[in-house]
Amino acid sequence: MFRGKLSLRFLRPGNSTSRRAVHRTPTASSASSGTHLPNVGPMVSQLKSRSVISLRGPDTVKFLQGLLTNDVRRFEDSSAGEEASSFLPTSNMPASSTPPIYAAILTPQGRFLYDFFLYKPSRPDEMLNRTGSGPGPKPVELELFADVDAAVVDELLQTLKRYRLRSKVEIESADKEFNCWQRYGGELSDKSSSNEEEPDAAAVGWGATVDQYAMSSSQGNGEGWRWFKDPRLHSLGFRGIFPFNSTPPLVEADKETDEENFTLWRLKKGVAEGSTEIPKGEAIPLEYNLAGLNAISFDKGCYVGQELVARTHHRGVIRKRLLPLRFFRNGGKDVVERVVAPGSVVVDAVSGKKVGTVTTALGSRGLALLRLEEVFKESGSLAVQGNEDLKVEVMRPDWWPTEWFLEHQEHSAVA
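Residues numbered from 1 in each chain as written. Predicted model: local features only at pLDDT ≥ 70, side-chain atom pairs only at ≥ 80, totals over all residues. Heavy atoms only, no water.

## Description of the overall build of the chain
Across its full length, the chain carries ten helices and 17 strands. Here the chain, with 415 residues, has 54% of them falling under the buried criterion. Long-range contacts, defined here as pairs at least 24 residues apart, represent 74% of the contacts in the chain between residues at least 6 apart. Element-wise, carbon and sulfur atoms account for 50% of the exposed surface of the chain, whose accessible area totals about 18,900 Å². (Helix = DSSP H or I, 4+ residues; strand = E, 2+ residues; numbered from the N terminus. Buried < 20%, exposed > 50% of the residue type's maximum accessible area, 1.4 Å probe, protein only. Contact = heavy atoms within 4.5 Å. Areas by Shrake-Rupley, 256 points an atom, 1.4 Å probe, with all protein chains shown as cover.)

## Regarding the nonpolar core
Membership of the largest hydrophobic core comes to 68 residues, with the highest contact counts inside it found for I278, L290, L323, L325, F327 and L370. Those residues in contact with L325 that lie beyond four places of it in its chain are V358, S364, R365, G366, L367, A368, L370, V392, E393 and V394. Membership of the second largest hydrophobic core comes to 27 residues, among which are I53, L55, V148 and V153. (Core = buried A, V, L, I, M, F, W, Y, C linked by side-chain atoms within 4.5 Å.)

## Comments concerning the pairing of strand β14 (residues 354-362)
Bridging between strand β13 (residues 345-348) and β14 involves three bridges; their strand directions are antiparallel. Looking at the pairing, V345 lines up with T357 of β14. Connecting β13 to the antiparallel partner β14 that follows it, the hairpin turn spans five residues, and G352 within it adopts a positive phi of roughly 80°. In terms of strand pairing, β14 meets strand β15 (residues 365-371) through six bridges, oriented antiparallel. (Pairing = 2+ DSSP bridges.)

## Regarding the sheet that holds strand β10 (residues 228-229)
An order of β3-β9-β11-β10 is seen for the four strands of this open sheet, with the pairing classed as antiparallel. The open sheet has two edge strands, β3 (43-46) and β10, and neither has a second partner. Across six bridges, strand β9 (residues 178-184) lies against strand β11 (residues 238-243) in antiparallel orientation. Bridge pairing in β11 places W181 opposite G240.

## Concerning the sheet that holds strand β12 (residues 320-328)
If you trace the six strands once around the closed barrel, you get β12-β15-β14-β13-β16-β17, paired in antiparallel fashion. Strand-to-strand, the axes of this sheet are offset by a mean angle of 40°, without reference to chain direction. Bridging between β12 and strand β17 (residues 387-394) involves four bridges; their strand directions are antiparallel. From the neighbouring strand, F327 faces β17, where its bridge partner is V392. (Axes fitted to C-alpha atoms, helices over the stretch in contact; angles between N-to-C directions.)

## Focus: the environment of G281
Here G281 lies in the loop between α7 (274-277) and α8 (306-315). Not counting the four nearest positions on each side in its chain, G281 is found in contact with T107, R111, F112 and L113.

## Some remarks on the side chain of T257
Along the chain, T257 falls in the loop between β11 and α6 (259-269). Take T257: its relative accessible area is 2%, and that puts it in the buried class. Here the side chain of T257 touches N261 through a polar contact of 2.4 Å, side chain to side chain. (Polar contact = N/O pair within 3.5 Å; in protein donor to acceptor, adjacent residues only side chain to side chain.)

## Focus: the pattern of salt bridges
Under the defined criterion, the tally for this structure stands at 17 salt bridges. Of the charged contacts in the structure, one is a salt bridge between K280 and E155, with a shortest N-O distance of 3.0 Å. Highlighted residues: K280 in the loop between α7 and α8 and E155 in helix α3 (residues 153-164), separated in sequence by 125 residues. Beyond isolated ion pairs, a larger network of salt bridges with shared partners links R50, D115, D147, D230, R232, R239, R266, E273 and E277. (Salt bridge = Lys/Arg side-chain N within 4 Å of Asp/Glu carboxyl O.)

## Some points on the side chain of S344
Within the secondary structure layout, S344 lies in the loop between β12 and β13. The buried category is assigned to S344, whose relative accessible area is 17%. Polar contacts involving the side chain of S344 include one to the main-chain carbonyl oxygen of A341, which spans 2.7 Å.

## Thoughts on the packing of aromatic side chains
Under the defined criterion, the tally for this structure stands at nine aromatic pairs. Between the aromatic rings of Y102 and F117, the centroid separation amounts to 4.7 Å while the plane-to-plane angle is 35°, which identifies the pairing as tilted. Note that Y102 is positioned in strand β5 (residues 101-106) and F117 in strand β6 (residues 112-119), a separation of 15 residues in sequence. Plain terms: the ring middles of F145 and W225 are 5.4 Å apart, the flat faces sit at 80° to each other, and that makes the pair edge-to-face. With a gap of 80 residues between them, F145 in strand β7 (residues 143-149) and W225 in the loop between α5 (212-218) and β10 connect regions that are remote in the sequence. Since its relative accessible area comes to 5%, F145 is described here as buried. Among the aromatic side chains, those forming a connected cluster through ring pairs are F145, F178 and W225. (Phe/Tyr/Trp six-rings, centres within 6.5 Å; stacked < 30°, edge-to-face > 60°.)

## Description of the pairing of β11
Counting buried residues in β11 gives six out of six residues, a clear majority hidden from the surface. Across two bridges, the pairing between β10 and β11 is antiparallel. Opposite F228, over in β11, you have R239 as the bridge partner.

Structure follows, in structure tokens:
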């Protein structure tokens, strides 16, 4: 198979002495816009910014249910919330499995602290044993894994242990055992938005027939770890955790690329991740669109910080939201250098009035917390304070529900 280094703009052949050909950090011109990324997918990135922890014990679900913003009870009932699947059970894949859950921990005042992607590994008794003659052995106890922000993992573990009290839950780091990965790209994301569970697996087999057994087994590695649709948005692709220092299934050697490319993919869709992009101890979850990203359940019952979230949600008016940005010069040319820093102020180019603050920036793309009333004025044009020749275009995410736009909120409030 051909191995090479793939930038966002072109495939550049080269020799590789490593096990896999990895896309290096993009050049300034290619990384700044990511305009060619939708045309080269599917791509895969190891997310080195994420770390993996494990939670194990009889009180695991009860403990997390009272702490996280989302409803995690589906992990306790193996028949609840399972992904519909026509796959045959194999020695490395069950016929169906519980999809991951995206959730957050908040302060008692309702401010964001940490985000979680929770996974329930496939149980041996849900798969065939190695001989294929029957199910494997039943597990002794429930175990869940979570991919979390690596920059705050030690602090997060301390927080979880502080809340644990007498709950029978073992909490520990698993970053020496697992890595987090993401598969994404224009073609993959288009298919992921349909009902097709895993588009690449559908190509497994010979001739015009579909090999159901091969399709099923190709999606998992030897221990049953598999790709799942990103629980936030299907257009973000597929996400999963896999054993340390191993290549996940369905990964082509010349499609592995730097994590920075996935960051660009996220930013263009207006999705923040981690305790840096979602400021720890400051961010209001609904302003950072966590409800629209399936991180919050409004009917699960009590959890830490619930009161502010519920009150804000039922009041129905959110005047600031996180939005994706494009930075460009006069003439419409994207910036190629990193000239915008988090904390930069976005202003109305005519009046100079502050509209919001940049929270994340990477080349010509970024995220900002902005006042919707000012952003979506028909005559409005925006700039970065102190660098007025740098223009700002605000993108309307196609996944936003219509009621999030201010005109619909105002109409609802009057009604």
